Amino acid sequence: MSFFIREDPLTGDRCIIASIRSRRPHVIKEIIEEEPFQCPFCPGNESLTPRESFRVEENSRWIVRVIPNKFSAIPHMHDVIVDSPQHNEDLDRMNHLDKLLWTYKERLVYYYNLENVKYVAVFRNRGKKAGASIPHPHSQVLALPFYPRRFLKEKEKYERINRNALRDFLKREMESQERILIHSKNFSVLLAYAPVTPYEIWIIPKDRINSFVFESRFEELGEIIKETVSLLKTYLGENISYNLTLQSAPPWDRDYHYYLRILPRVSVFGGFEFGTENVIVSVAPEEAASELRAVKYASRTE
Ligand SMILES: [Zn+2]
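What counts and what doesn't
- Residues numbered from 1 in each chain as written.
- Predicted model: local features only at pLDDT ≥ 70, side-chain atom pairs only at ≥ 80, totals over all residues.
- Helix = DSSP H or I, 4+ residues; strand = E, 2+ residues; numbered from the N terminus.
- Rg over C-alpha atoms; globule rule 2.2 N^0.38 Å.
- Buried ≥ 20, exposed ≤ 12 C-beta atoms within 10 Å, placed from the backbone.
- Contact = placed C-beta atoms within 7 Å.
- Core = buried A, V, L, I, M, F, W, Y, C linked by C-beta atoms within 7 Å.
- Pairing = 2+ DSSP bridges.
- Axes fitted to C-alpha atoms, helices over the stretch in contact; angles between N-to-C directions.
- Expected span 1.5 Å × (residues − 1).
- Arc of directions from axis to C-beta.
- Parallel < 35°, antiparallel > 145°, perpendicular 65-115°, else oblique.
- Left-handed = near helix turned anticlockwise from the far one by under 90°.
- Nonpolar A, V, L, I, M, F, W, Y, C, P; charged D, E, K, R; others polar.

## Remarks on the overall build of the protein
What the protein contains, in helices and strands, is six helices and 13 strands. Here the C-alpha radius of gyration of the protein, 19 Å, is about what a compact globule of 302 residues would show, namely 19 Å. Projected onto the principal axes, the alpha-carbon positions of the protein cover approximately 55 × 45 × 40 Å. The buried share among the 302 residues of the protein stands at 32%. Sequence separation of at least 24 residues holds for 67% of the intrachain contacts in the protein that already meet a minimum separation of 6.

## Here's the deal with the nonpolar core
In this structure, I201 and I203 are the most contacted members of the largest nonpolar core, which totals 63 residues. Looking at this core, the element that brings in the most residues is helix 4 (residues 218-236), giving seven residues.

## Looking at the pairing of strand 3 (residues 54-58)
Strand direction decides the pairing type here: strand 3 and strand 4 (residues 61-68), joined by five bridges, are antiparallel. Paired with F54 across the bridge in strand 4 is V66. Between strand 3 and the antiparallel strand that follows it, strand 4, lie two residues; N59 among them carries a positive phi value of about 50°.

## A short note on the sheet that holds strand 13 (residues 279-281)
Spatially, three strands are ordered 1-2-13 in an open sheet, and the strand pairing comes out mixed. Edge positions in the sheet fall to strand 1 (2-7) and strand 13, since each of these pairs with one other strand and no more. Neighbour-to-neighbour, the strand axes of this sheet turn through a mean angle of 25°, independent of strand direction. Here strand 1 pairs with strand 2 (residues 14-19) via six bridges, running antiparallel. Among the inter-strand pairings, F4 is bridged to a residue of strand 2, identified as I17.

## What about helix 1 (residues 97-112)?
Given a rise of 1.5 Å per residue, 16 residues ought to cover 22 Å, and the 23 Å separating the end C-alpha atoms of helix 1 matches this to within 8%. Burial in helix 1 covers these residues: L97, L100, L101, T103, Y104, R107, L108 and Y111. All buried residues of helix 1 project into a common sector of 150° when viewed along the axis, lining one side.

## Side note on unusual backbone geometry
In the Ramachandran plot, Q177 falls in the positive-phi region, its phi being about 65° despite a non-glycine side chain. Mapped onto the secondary structure, Q177 falls in the loop between helix 3 (165-176) and strand 8 (180-183). Residue class for Q177 comes out exposed when judged on the 9 C-beta atoms lying within 10 Å of it.

## A look at the sheet that holds strand 3
Strand pairs in the sheet, formed through backbone hydrogen bonds, run parallel or antiparallel to each other. Reading across from one edge, 3-4-5-7-6-11-12-10-9-8 is the order of the ten strands in this open sheet, with antiparallel pairing throughout. Every interior strand has two partners, whereas the edge strands, strand 3 and strand 8, have only one. For this sheet, the mean angle separating the axes of adjacent strands, direction not counted, is 15°. Sitting on the sheet, helix 1 touches strand 3, strand 4, strand 5 (78-82), strand 6 (119-126), strand 7 (138-144) and strand 11 (242-247), and the angle it makes with strand 4 is about 30°.

## Re helix 2 (residues 149-161)
Think of an α-helix as turning once every 3.6 residues; residues three or four places apart then point the same way. Helix length check: helix 2 (13 residues) gives 19 Å between terminal C-alpha atoms against 18 Å at 1.5 Å per residue, within 8%. Taken from the residues just after helix 2, N162 is the one with a positive phi, measuring 60°.

## Examining the environment of L170
Position of L170 relative to the elements: it lies in helix 3. Under the C-beta neighbour-count criterion, L170 is labelled buried, with 22 such atoms within 10 Å. Each C-alpha atom, one on L170 and one on M77, is 33 Å from the other, the two residues being 93 residues apart in sequence. Sequence-distant contacts of L170, defined by excluding residues within four places in its chain, comprise S188 and I204.

## What to know about the environment of R163
Position of R163 relative to the elements: it lies in the loop between helix 2 and helix 3. C-beta crowding within 10 Å serves as the criterion here: with 11 such atoms nearby, R163 is assigned to the exposed category. In sequence terms R163 and D255 are 92 residues apart; their C-alpha atoms lie 8.0 Å from each other.

## Examining the packing of helix 1 against helix 4
Axis separation between helix 1 and helix 4 bottoms out at 8 Å; the angle between their running directions is 115°. Compared by their axis directions, helix 1 and helix 4 come out roughly perpendicular. In this structure, helix 1 meets helix 4 at a crossing whose hand is right-handed. Where helix 1 abuts helix 4, its residues L97, D98, L101 and W102 lie against F218, E219, L221, G222, I225 and K226. Residues that form the contact of helix 1 with helix 4 fall into these classes: six nonpolar, one polar and three charged.

Keep in mind these numbers describe shape, not what the thing actually does.
So this is what it looks like as structure tokens:
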């Protein structure tokens, strides 16, 4: 068993890593039990959703639809993005993933042009354990009149050390290689240094771009996301629940370095996590990295 305490390089949040081999959340085969229902996000059922505000078409059929969230706490500030017409498709098999990422950018631009919007959160819940109520692949965009806690903590750290912590962090990670999973020309993928969930992954652009509003390399980013999700699924199970979050600054905030997180929901938060706002994680990120790398090399020799 290994036991250590780590600090998130961006927020200063501490996590306890208590890695016990026999207790790993290994190869969890989640079974999706789907009750038959009329899926409001499937093609042909467009009339079941509110009127769409945006769509991307291919061969005169929609491949991505943006609709207002019916159940939003903040009306007119919350999108649901139907990621694909395919009911069972996930990111690892989505041929138009670049178009979906472009849609994220377009919605960010739209909301940041509205008055009183301070921050726009983009996220994706996949599977019941990740909070998805409808199995059809979808993402969400939520515009906020305040800055969220994580972003504020990252800004505080920036003020304290007077530089961007992610850049230094990425440099150290590249040198050590311990937690690196994938490289492409412009992106690095690594296991989070102080994770919130086992197998938490960060996807970081190598050059500092503060806001996703200024991103344009959607094809390359799409390929990297596909490969990452596919590795996680090969190792943890095809039906795994996970969250994807975009950590991006508003376009006017220049002192940031945007990144994405993928958080497999293989553990649940209990009293310790709620009572302390710290987490206990049962797999060390270095071990997670070597396990996922083994999957990657195995798939290459096939
Ligand atoms: Zn559907």
